[in-house]
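Per-entry structural report
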Amino acid sequence: MLARLKTFTLLGIEAMPVDVEVDISPAAMPKTILVGLPDAAVKESTHRMERAIVNSGYIRPSDRVVINLAPGDLPKQAASFDLPVALGVLAGSGQLAAEQLDQYAVIGELALEGLARPVKGALSIAIEAAKNPQLRGLVVPAANACEAAVVDRLEIIPVESLTQAIGFFSGEIDLAPAPSQLRHWFERFSSYDIDFGDVRGQESAKRAMMLAAAGRHNLMMLGPPGSGKTMLAKRMPTILPPLCAAESIETTRIYSALGQLPAGQPLLAKRPFRSPHHTISDAGLVGGGSPPAPGEISKAHNGILFLDELPEFNRKTLEVMRQPLEDGIVTISRALRSSTFPADFMLIAAANPCPCGYRSDPRRSCNCTPPQVEKYMSKISGPLMDRIDLHIEVPAVPFEELSSSTTAGTTSDQMREEVLRARTRQTDRFINSISNGIPVRYNAQMTSRQVRQHCELNKACKQMLRHSVEEMGLSARAHDKILRVARTIADVADDDSLTETHLAEAIGYRSLDRDLWQ
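On to the packing of helix α21 (residues 476–492) against helix α22 (residues 500–508). Relative orientation of the contacting elements α21 and α22 amounts to 130°, with a least axis distance of 8 Å. Compared by their axis directions, α21 and α22 come out oblique. Like other packed secondary-structure pairs, α21 and α22 cross with a definite hand, here right-handed. Along the contact surface, α21 presents I482, L483, V485, A486, I489 and A490, while α22 presents H502, L503, E505, A506 and I507. Along the lines of polarity and charge, the residues of the contact of α21 with α22 split into 9 nonpolar, 1 polar and 1 charged.

With that settled, the discussion passes to unusual backbone geometry. For the bond running from A70 to P71, omega is 5°, close enough to zero to count as cis. Note on placement: P71 falls in the loop between β4 (64–70) and α3 (82–92). Residues other than glycine seldom take positive phi values, yet L37 does so here, at roughly 55°. The exposure class of L37 is partly exposed, given its relative accessible area of 46%. Positive phi, close to 60°, is recorded for R216, a residue that is not glycine. Positionally, R216 belongs in the loop between α8 (203–215) and β10 (219–222). R216 gets classed as buried once you look at its relative accessible area, which sits at 13%.

A word on the packing of aromatic side chains. The geometry of an aromatic ring pair comes down to the distance between the two centres and the angle between the two planes. This model, assessed by the stated rule, comprises 5 aromatic pairs. For the pair Y104 and F169, a centre-to-centre distance of 6.1 Å together with 85° between the ring planes defines the contact as edge-to-face. Placement of the pair is Y104 in strand β5 (residues 104–106) and F169 in helix α6 (residues 162–170), with a sequence separation of 65 residues. The residues Y104 and F169 share a single accessibility class, namely buried. A centroid spacing of 6.0 Å and a plane angle of 20° characterise the contact between W185 and F189, whose relative ring orientation is stacked. Here W185 and its partner F189 are both found in helix α7 (residues 182–189), 4 residues apart, which amounts to about one turn of the helix. Given a relative accessible area of 6%, W185 falls into the buried group. Taking the relative accessible area as the measure of exposure, F189 reaches 17% and is therefore buried.

Topologically, A86 is positioned in helix α3. Under the relative-accessibility criterion, A86 is labelled buried at 0%. Between the C-alpha atoms of A86 and A460, which are 374 residues apart in sequence, the distance is 76 Å. Not counting residues up to four positions away in its chain, the partners in contact with A86 are M49, I53, L110 and L162.

The terminal C-alpha atoms of helix α18 (residues 412–429) lie 25 Å apart, and with 18 residues this matches the ideal 26 Å at 1.5 Å per residue to within 8%. Taken together, the buried positions of α18 are S412, M415, V419, A422, R423, R425, Q426 and R429. Seen end-on, α18 carries its buried residues on one side only, within an arc spanning 155°. More than 90 degrees from the buried face of α18, the exposed residues found are E417, T427 and D428. Residues of α18 that are buried make contact with α8, α19 (448–454) and α21.

Core analysis: the largest hydrophobic core is formed by 67 residues, its most contacted members being I156, M220, I297, L305 and M321. A total of 5 residues in this core trace back to one element, the largest contributor, which is helix α4 (residues 122–130). Setting aside chain neighbours within four positions, we find I156 in contact with A126, L138, V140, A145, A148, A149, A176, P177 and A178. Among the nonpolar cores identified, the runner-up in size contains 51 residues, and M210, L240, M346 and A422 belong to it.

Right, let's get into the pattern of salt bridges. For the structure shown, the criterion picks out 30 salt bridges. For E50, the salt bridge identified is with R60, shortest N-O distance 3.7 Å. Of this pair, E50 sits in helix α2 (residues 45–55) while R60 is found in the loop between α2 and β4, placing the two residues 10 residues apart along the sequence. In this structure E50 comes out as buried when scored by relative accessible area, which is 13%. Residue R60 is classed as partly exposed on the basis of its relative accessible area of 36%. The salt bridge partner of D491 is R425, with a shortest N-O separation of 3.4 Å. With D491 in helix α21 and R425 in helix α18, this residue pair connects regions lying 66 residues apart in the sequence. As far as burial versus exposure is concerned, D491 and R425 are alike and both buried.

Here we take up the sheet that holds strand β11 (residues 273–274). Strands belonging to one sheet form pairs held by backbone hydrogen bonds; the direction of such a pair is parallel or antiparallel. The 5 strands lie next to each other as β11-β14-β17-β10-β18, forming an open sheet whose pairing is parallel. Each of the sheet's edge strands pairs with one partner strand only, and the pair in question is β11 and β18 (390–393). Strand direction decides the pairing type here: strand β14 (residues 304–307) and strand β17 (residues 346–351), joined by 4 bridges, are parallel. Residue L305 lies in a different strand from β17, and its bridge partner there is L347.

What counts and what doesn't
- Residues numbered from 1 in each chain as written.
- Predicted model: local features only at pLDDT ≥ 70, side-chain atom pairs only at ≥ 80, totals over all residues.
- Heavy atoms only, no water.
- Axes fitted to C-alpha atoms, helices over the stretch in contact; angles between N-to-C directions.
- Helix = DSSP H or I, 4+ residues; strand = E, 2+ residues; numbered from the N terminus.
- Parallel < 35°, antiparallel > 145°, perpendicular 65-115°, else oblique.
- Left-handed = near helix turned anticlockwise from the far one by under 90°.
- Contact = heavy atoms within 4.5 Å.
- Nonpolar A, V, L, I, M, F, W, Y, C, P; charged D, E, K, R; others polar.
- Buried < 20%, exposed > 50% of the residue type's maximum accessible area, 1.4 Å probe, protein only.
- Phe/Tyr/Trp six-rings, centres within 6.5 Å; stacked < 30°, edge-to-face > 60°.
- Expected span 1.5 Å × (residues − 1).
- Arc of directions from axis to C-beta.
- Core = buried A, V, L, I, M, F, W, Y, C linked by side-chain atoms within 4.5 Å.
- Salt bridge = Lys/Arg side-chain N within 4 Å of Asp/Glu carboxyl O.
- Pairing = 2+ DSSP bridges.

Laid out in structure tokens, this is it:
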């Protein structure tokens, strides 16, 4: 007897449909054969499935069982095939009526006693299942139900065990679909317990952070140890606009496919903040492996990637970020196939000005020689710095500001108001704008044509920019970066046209080009 079910497998972060076909025929000796390019975890599913069937009170077929996972040329990974294969074997052996099996897709790992265990990528699978008009719903382990229920165009049926799944498909148990609780998860997990008001002094650095958030510009901070660079960077998400539902789902599916969603949180409601250690490998940063898996830049999608102690990173590792910084995606190519992952993130980097860290600190003496400083900073290439819009110095905080109990610094709420006002102007400006298939939403994403259109300069501004480009030796990319930042400064000031004041401030944020990379 032949039984057929629908399920899915993950390829990177994308879910691919798979048909589970189970054929049971008489044979002298019981034998189970699994075909369809299964990996080791899928091959072992036959043993888990057989013991789960027996321990759930059903009969293991004593005939020849052939299980085919179609299409046959698609690699199958993970243990999510346990539950659909077990249901297929029971249906093929006549122990389960198969009337409803074609209306639902099934995923889930089985314990030996028959309990359903959670699987990776439930959100991606639910998104793909919702695209199939023939599917009424998706049967998932109860631990995955809240995550999959984010997709509200599909019935998500939670099951605790193989027995419960059998009861649902046979009509003996009526299981209510899991409700979509999108608003609840946002209300519960979207608050922050840190604030820019905690940072003493550093008002000029805070303004640069606000401008970076307003135009979604990349930012580089240079300063001595203990000046507050890491503290400032960790508070950047608090002034960014809240994640919308679409952005949250985009980001959550990456963590879901990797099995890295926080416990008890089926949806990311805050922008991710990733801070990898400087010993990270190329594959760890941009993604890799076989099959390819997302790296840190994809985990920072729609959020912040913070690289602390930037010169300590391997230079080759940093260079692989250059293309994703421009395109917002990263493609990992292998011999058989390639995978494309989202990588639309804001880069914040921090570095000391020399090996000892005190070159720019007037209170401490620096014993580093010019060749040592040059060798240390040469780990950061000019092309990478070219892609960072704002370069700022973060000096040590004076004692008076550290010890003051009355002076209140600028808070995250105050900075967020300015960011949202500037973002609103950009939304109106770039409505329906697309570049290389990606919507343009922020000043940092403007194409060269849009820069010329929205960043027109008067005669005085042109003269100022010409002088700066020639004196600092700036590239064409840096020239456009200055104009994009000036446009953001004007948006924050609620000005329609660029003035000398806006341009002078934007040029000031490129001063490190001359001081360290010339």
